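Each chain, letter by letter, is given below.
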Amino acid sequence: MGGLTRALAARAVQALLVALVVGIACFAMVRLLPGDMAFRIAAGRYGIDLVSGAAADAVRVELGLDRPWWQQLGAWLGGLIRFDLGVSLVSGDPVVDELKTYLGHTILLAVVALGISVLVGPPLGAWLGARAGSAADRAGLVASAVLRALPAFVVGIGLILVFAVGLGWLPAAGVGGWQEVVLPAVTLALGLAAVSSRVARDAVAAALHAEPAEFARRKGLPEGAVRRRHVWRNAAVPVVAYLGVQLVALIEGVVIVETLFAWPGIGHALVHAVVARDVPMVQGTALVMGLLFVALNALVDLLTLLIDPRRRSAA
Amino acid sequence: MTAARIGWALLAAIAAFGILGPLLAGDPLRQDLSATLQGPGAVHPLGTDQFGRDMLARLTHATRLSLGFAAVAAVAAAVPGIALGLIAAWRGGIVERALVSLADAVMALPGLLLVVLFAAFAPGEFLPLYLGLSLALWVEYFRLTRGVAASLLARPAVEAARLFGFGPWHVLRHHLLPELAPMLVTLLAFSAAAAVTAISALAFVGIGLRPPTPEWGSMMTELLPYHAEAPLQVLLPGLLLALTVLGLQLVAGARR
Amino acid sequence: MVGRIGMLYYRLMQRRPLLAFALAAPALARGANAQPARVLRVVAPWEIGGLDPARSGYVFQRMQIAETLVGTDERGALVPSLARGWRLLDDRVTWRIALRAGATFHDGTPVTAAAVAESLRRARGGPGPLAQVPIEGIAAEAGEVVLRTARPFLSLPAFLAHSSTVILAPAAYDAGGAVRAIIGTGPYRLTDLLAPQRLDAERFAGWWGVAPAIERVSYLAVTRGETRAAMAEAGQAEIVTTLAPETVARLRRNARLSVEVVPIPRTRAVKLNASLPMFADVRTRRAFSLAIDRAGIATALLRSPESAATQLFPPGLGDWYDADLPPLRRDLAEARRLLDEAGWRPGPDGIRAKDGKTFRATLRTFSDRPELPGVATAMQAQLREAGIDLQVAVMNSGEIPAGHRDGTLEAALFARNFSLVPDPIGTLLQDFGPQGGDWGAMGWSDPALVAAMERLTAEPDPATQTQLRRRIAAILQAELPVIPVAWYDYPVAFSRRVAGGSVDPLELSYRIAGMRWAD
């Protein structure tokens, strides 16, 4: 299992790099934002009507925002080693606690979205791949191209207008039950399935005419067995590998989709934290998003190794 | 390749709209609060928006803005990406390892995250958007260039050129660029699509360009509440955005 | 996180099984919205920032989980809430407040004068408006709460209606004085808080008032106006507040909704930095005001022609509104004349200039109130016609007071609530004092105005009070340190599944306790 260890070690190094880059970059960038940080925090804390110079001064003293920047950065990086991400400048709660809540929601959304896209995309693609060149295949190509061209928020708005406003089947926003997960997850899943179905279609079309399959047919193996043994498994490798590429779309989509559907996840929290200049929250959310991305990629690595035994020894 | 031809045709049509349109259409900022959300008519061929501004004028200006932005962003990512890729392959050793690690670290971060942070840094400004996109997208160019350059440098002709003292510039112009060109079209189209999508997405989460700048994403979000009264006005910017991305993807995809 | 997912799983199990959805999606059309447990769902744009009453007390107050001592009636007059009554002693500085007999906190402990005094002391220490009141002491004496002010301050009870002064049980605070739980006294008891998005509450059997008909309630923060409108249309909430103006007409046509639009004492206004040469001259401020097409903005963008402001105070504010005051209007010719007269001459691009300096200002505004960027964009085009170049910067709301303090603010558009404390004097003291105010005058003050406000806080005679209020309104109208643009309509959508709903014009309560299920 040398390949496995090496893959995971590379991901671990990547995770460390993410932590360092996010830690320093976010801090520098948010520090350089125009305007007075204490006022932003006070506005978030007390509401627009109650923000005043006095409230901002109280905030400045309370949070030590007048310390030199390197002391604040040093404190944060030191905390990072102890996995102490500090306290949200807006809510006053530990960032770690808030992230737990947000992360739970984001993982739920991402898992449901991935699940839907895996259930829809590859099977549909495989079905089309088996009929490459047919009218259905060409329709699939057009549908996939159109879906990929539509940004996530346009798809989401369309779904809200049809399923929440028009038909009234599902909630337009919120959190709590399963109904609320459906629309945001489908928004993300559509974009993912549009790509994975094409990858699966090409892989199946290729594997159907690849040498092992042709040889098995010539051996006289029934078509069902050929597909089971030679086509599906070989086609699965690029599909799973492509999952890794798609994760970027998933994570980026989360930022937009969570904002649109008022889904209290990491992406939503990130946008809020940036607007409120909540330095520890910006760092925390960006860090978690980066680490989530690395973790999901590691998962894809594992999956690829499982499906394709050749790589286990070759790597 | 028909797909690529459709893509180029789409892009050409949109570019013509964005380049010639502003010369013919009126002032995209001129308001008329007594004629808001009008349907298509003689005075306003595509109707008016919620401020009574001419939709046609706004759409052409928005198209010009997005295409210009995409072109600059793609180049801003390509130039450092190619340069660093070449340097990594040329120098090797520590320099290469450091650059590869840097690329890995950037790859480990979702690109939009970088752009969001940069955009929040100076809301309404173009420069941070370019910087963020450039920082997120250069890696693709870097990896491609480094890969191609590494195999090129091993070739006898190039090795000879190096021995004769020709610098990286010579290698870039005479050996690397011709080799890269076809793949570069794919990457440029890909990063232009990413740039176009990114600014509309940023306008959507509220960190985009300042009003009253005509821009597809902010036009859509601003007009969305009026979807029942003026569906066409909401649809048009989205349509242009989708067609542009589609055109770029067709051009990029066909080369793969 | 395990607990969070466990909870989601639990909620999932409480509702319909997934299979039923897959098999009968169309049949679910209305079923998905039916509530087995009948929760009244409130949707509003404001996120729950935490437990501190200074921060998010208004959510707990509006959801009737926590109560203040003083409330307001339909006309905005002060009425007893958790207090049974109050009186001012003859020394004119001592207030005695009697409490409801038998009132208890949600943890079962009785509401004592000592507990209330302690809660008020904590509110006084925070950043809320109570800090504006010259309070000398808060004590519990003979079962009553006693407040002493340094000088006569007649509007004190109004300050006790503010959400930062909700009364919480002693057990709600930790050793350091921070709020660790919302243990209030209202008809609803908090059961679950998922900050910043959502809270759940259930009927509290021990409430001192008439037991409410609705058993369970929830609050969901949805910041996007378009999404709120969609939720109302789709029947995913019983009360949806602060609708975006452009969605109101659409929702009105929906047979399942009843939309109420109530004018509230809030005004959208522009503050100008009068210490800048371009705004120091009252003629330029008047020209600025004369260039604004309020009727166009109110009609086309706010969808409410009657909300075009003719003066700072809206008609709902009693005798603060003076019907005889000459109304603000648009007159481009007069605006140009005033600018010419003040020495600002149009340049080749139409933008005016004086002494080599162009008439260019950056207007800061924010999008928490969804209509503000649109109003700013409209004003930008209108002012350009008069030769004023206005740049619009949509930013965080905190940049307005920040810019006020560091002097970098040039102009700002916002919506100011004059019933922040039910008596507008509370807001005016903050906004138009000798130093100006974060949300009021900048680089401008008027001794006559300050004197009138000072007198009003100690003036017991209603006729003289009216006179003083009119004088204040007249000075502000003539000097225009802050330029009114539009008054505020507060639109709320109620589902027809509930009955008895009404809108509190002072935004102190969603009035759920008086509502019932219609079917």
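Quick caveat: nothing in here was measured; it's all calculated off a predicted structure.

Rules behind the numbers
- Residues numbered from 1 in each chain as written.
- Chains lettered and ligands numbered in written order.
- Predicted model: local features only at pLDDT ≥ 70, side-chain atom pairs only at ≥ 80, totals over all residues.
- Helix = DSSP H or I, 4+ residues; strand = E, 2+ residues; numbered from the N terminus.
- Rg over C-alpha atoms; globule rule 2.2 N^0.38 Å.
- Contact = placed C-beta atoms within 7 Å.
- Nonpolar A, V, L, I, M, F, W, Y, C, P; charged D, E, K, R; others polar.
- Buried ≥ 20, exposed ≤ 12 C-beta atoms within 10 Å, placed from the backbone.
- Pairing = 2+ DSSP bridges.
- Domains from an automatic or database assignment.
- Axes fitted to C-alpha atoms, helices over the stretch in contact; angles between N-to-C directions.
- Parallel < 35°, antiparallel > 145°, perpendicular 65-115°, else oblique.
- Left-handed = near helix turned anticlockwise from the far one by under 90°.
- pLDDT = per-residue confidence, 0-100.
- Arc of directions from axis to C-beta.
- Core = buried A, V, L, I, M, F, W, Y, C linked by C-beta atoms within 7 Å.

Enquirer: I keep staring at the overall build of chain C and nothing clicks. Help me out?
Expert: The secondary structure content of chain C amounts to 17 helices and 21 strands. Taken over C-alpha atoms, the radius of gyration comes to 25 Å for chain C, in line with the 24 Å a tight globule of 519 residues would show. Counting only C-alpha atoms and orienting by the principal axes, one finds that chain C spans roughly 70 × 70 × 40 Å. Within chain C, contacts between residues at least 6 apart in sequence are counted, and of these 66% link residues at least 24 apart.

Enquirer: Got a minute to help me understand the environment of Ile351 of chain C in this structure?
Expert: Residue and element names in this part refer to chain C. Take Ile351: it is sitting in the loop between β13 (345-346) and β14 (352-354). Considered as a pair, Ile351 and Asp406 are 55 residues apart in the sequence and their alpha carbons are 27 Å apart. Sequence-distant contacts of Ile351, defined by excluding residues within four places in its chain, comprise Thr358, Phe359, Arg360, Gly387 and Asp389.

Enquirer: So what exactly am I meant to see when it comes to the interface of chain B and chain A here?
Expert: The figure often quoted for interface size is the accessible area lost as the parts come together. Contacts between the two partners involve 27 residues from chain B, matched on the other side by 33 residues from chain A. Contributions of two or more residues to the side of chain B that touches chain A are made by α3 (93-107), α4 (111-121), α7 (168-205) and α9 (231-254) of chain B. A total of 7 residues in the side of chain B that touches chain A trace back to one element, the largest contributor, which is α4 of chain B. Each residue belonging to the side of chain B that touches chain A can be placed in one class, and the counts come to 19 nonpolar, 7 polar and 1 charged.

Enquirer: What is the right way to read the environment of Leu65 of chain B from this model?
Expert: Residues and elements named next belong to chain B. Turning to its location among the elements, Leu65 is positioned in helix α2 (residues 55-91). The exposure class of Leu65 is partly exposed, given the 19 C-beta atoms found within 10 Å. Separated by 148 residues in the primary sequence, Leu65 and Thr213 have C-alpha atoms spaced 9.1 Å apart. The contacts of Leu65, once residues within four sequence positions are left out, are Pro214 and Glu215.

Enquirer: Whenever I open this one, the sheet that holds strand β15 (residues 357-358) of chain C confuses me. Can you help?
Expert: Paired through their backbone hydrogen bonds, the strands of a sheet run either parallel or antiparallel. Residues and elements named next belong to chain C. Reading across the sheet, the 3 strands line up as β13-β14-β15 and stay open at both edges, with antiparallel pairing between neighbours. Two strands in the sheet have a free side with no partner beyond their single neighbour: β13 and β15. Sheet topology places β14 next to β15; 2 bridges connect them, and they run antiparallel. Across the sheet, residue Ala353 finds its bridge partner in β15, namely Thr358.

Enquirer: Help me understand helix α11 (residues 294-301) of chain C, please; the structure alone is not making it clear to me.
Expert: Two residues of an α-helix separated by three or four positions point the same way, owing to the 3.6 residues in each turn. Residues and elements named next belong to chain C. Counting buried residues in α11 gives 6 out of 8 residues, a clear majority hidden from the surface. Listing the buried residues of α11 in full gives Arg294, Gly296, Ile297, Ala298, Ala300 and Leu301. Looking at the buried side of α11, the elements it contacts are α8 (245-252), α13 (372-385) and β19 (482-495). Looking one or two places after α11, you find Arg303, whose phi comes out positive at around 55°.

Enquirer: What is the right way to read the environment of Asp97 of chain A from this model?
Expert: Structurally, Asp97 of chain A can be placed in helix α5 (residues 95-130). Between the C-alpha atoms of Asp97 of chain A and Leu291 of chain A, which are 194 residues apart in sequence, the distance is 17 Å.

Enquirer: Just to check I follow, could you spell out the sheet that holds β19 of chain C for this structure?
Expert: All names here are of chain C. An order of β8-β9-β10-β1-β11-β19-β12-β18-β16-β17 is seen for the 10 strands of this open sheet, with the pairing classed as mixed. Edge positions in the sheet fall to β8 (188-194) and β17 (389-394), since each of these pairs with one other strand and no more. Where β8 and strand β9 (residues 198-203) come together, 6 bridges link them in antiparallel fashion. Within β9, the position partnered with Asp192 by the bridge is Asp200.

Enquirer: What is the right way to read the domain arrangement of chain C from this model?
Expert: Residues and elements named next belong to chain C. Per the domain assignment, the segments of chain C are domain 1 (1-64 + 186-255), domain 2 (66-185) and domain 3 (265-489). Looking at the side of domain 1 that touches domain 2 element by element, the count peaks at 6 residues for helix α4 (residues 53-62). Grouping the constituent residues of the side of domain 1 that touches domain 2 by class yields 8 nonpolar, 4 polar and 2 charged.

Enquirer: What's the story with the packing of helix α5 (residues 127-153) of chain B against α7 of chain B in this structure? I'm lost.
Expert: Axis angle and axis distance: for two packed helices, these are the angle between their axes and the distance between the axes, and together they describe the pair. Residues and elements named next belong to chain B. Where α5 contacts α7, the axes come no closer than 10 Å and their chain directions differ by 160°. Relative to α7, the element α5 lies roughly antiparallel. Relative to α7, the crossing made by α5 is right-handed. Here α5 contributes Leu129, Leu133, Leu137, Glu140, Tyr141, Leu144, Thr145, Val148, Ala149 and Leu152 to the contact with α7, which in turn contributes His175, Leu176, Glu179, Leu180, Met183, Leu187, Ser191, Ala194, Ala195, Ala198 and Ile199. By residue class, the composition of the contact of α5 with α7 is 16 nonpolar, 3 polar and 2 charged.

Enquirer: Please explain the confidence of the model for chain C as it appears in this structure.
Expert: Close reading of the predicted structure is inappropriate where its pLDDT is low. All names here are of chain C. Summarising the model, chain C shows a mean pLDDT of 86, and 92% of its residues fall at 70 or more. Across residues 1-35, where pLDDT falls below 50, the model places 29 contacts with residues more than four positions away in sequence or in other chains. Here the prediction assigns the complex a pTM of 0.79, and the interface score ipTM is 0.78.

Enquirer: What is the right way to read the pairing of strand β6 (residues 135-141) of chain C from this model?
Expert: On any regular strand, side chains alternate: one points to one face of the sheet, the next to the other face. Residue and element names in this part refer to chain C. Pairing between β6 and strand β7 (residues 144-149): 6 bridges, direction antiparallel. Within β7, the residue paired with Gly137 across the bridge is Arg148. Counting the residues between successive antiparallel strands, the hairpin from β6 to β7 contains 2 residues, one of them, Ala142, with a positive phi of roughly 50°.

Enquirer: I would appreciate a short explanation of the confidence of the model for chain A in the present structure.
Expert: Taken residue by residue, chain A gives an average pLDDT of 76. The fraction at 70 or more is 81%. Confidence, read as mean pLDDT per element, is least for helix α13 (residues 309-314) of chain A in chain A (54) and greatest for α5 of chain A (85).

Enquirer: I tried to follow helix α12 (residues 332-341) of chain C on my own but got confused; where do I start?
Expert: Residue and element names in this part refer to chain C. All of the buried residues in α12 are Ala335, Leu338 and Leu339. The buried residues of α12 occupy an angular sector of 100° when projected down its axis, which confines them to one face. Facing away from the buried side of α12, by more than 90 degrees, are the exposed residues Ala333 and Glu341. Packed against the buried residues of α12 are α10 (282-291) and β14.

Enquirer: Got a minute to help me understand the nonpolar core in this structure?
Expert: Nonpolar side chains in soluble globular proteins tend to end up buried together. One finds Leu270 of chain A, Val115, Val116, Ala195 and Leu202 of chain B together with Met63 of chain C to be the most contacted residues of the largest nonpolar core, which totals 247 residues. Counting contributing residues, this core receives three or more from each of domain 1 (1-64 + 186-255) and domain 2 (66-185) of chain C. Apart from the residues within four sequence positions on either side, Val116 of chain B is in contact with Val255, Leu270 and Val274 of chain A together with Leu202 and Ile207 of chain B. With 75 residues, the next largest nonpolar core counts Ile297, Val394, Ala411 and Leu480 of chain C among its residues.

Enquirer: What exactly am I supposed to notice about the pairing of strand β5 (residues 94-99) of chain C here?
Expert: Residue and element names in this part refer to chain C. The two faces of β5 differ: Trp95, Ile97 and Leu99 on one face are buried, but Thr94, Arg96 and Ala98 on the other face are not. One ladder, built from 5 bridges, connects strand β4 (residues 83-88) with β5; its direction is antiparallel. By the bridge assignment, Arg87 is partnered in β5 with Arg96. Pairing of β5 with β7, which is carried by 5 bridges, proceeds in the antiparallel orientation. Looking across to β7, one finds that Trp95 is bridged to Leu147.

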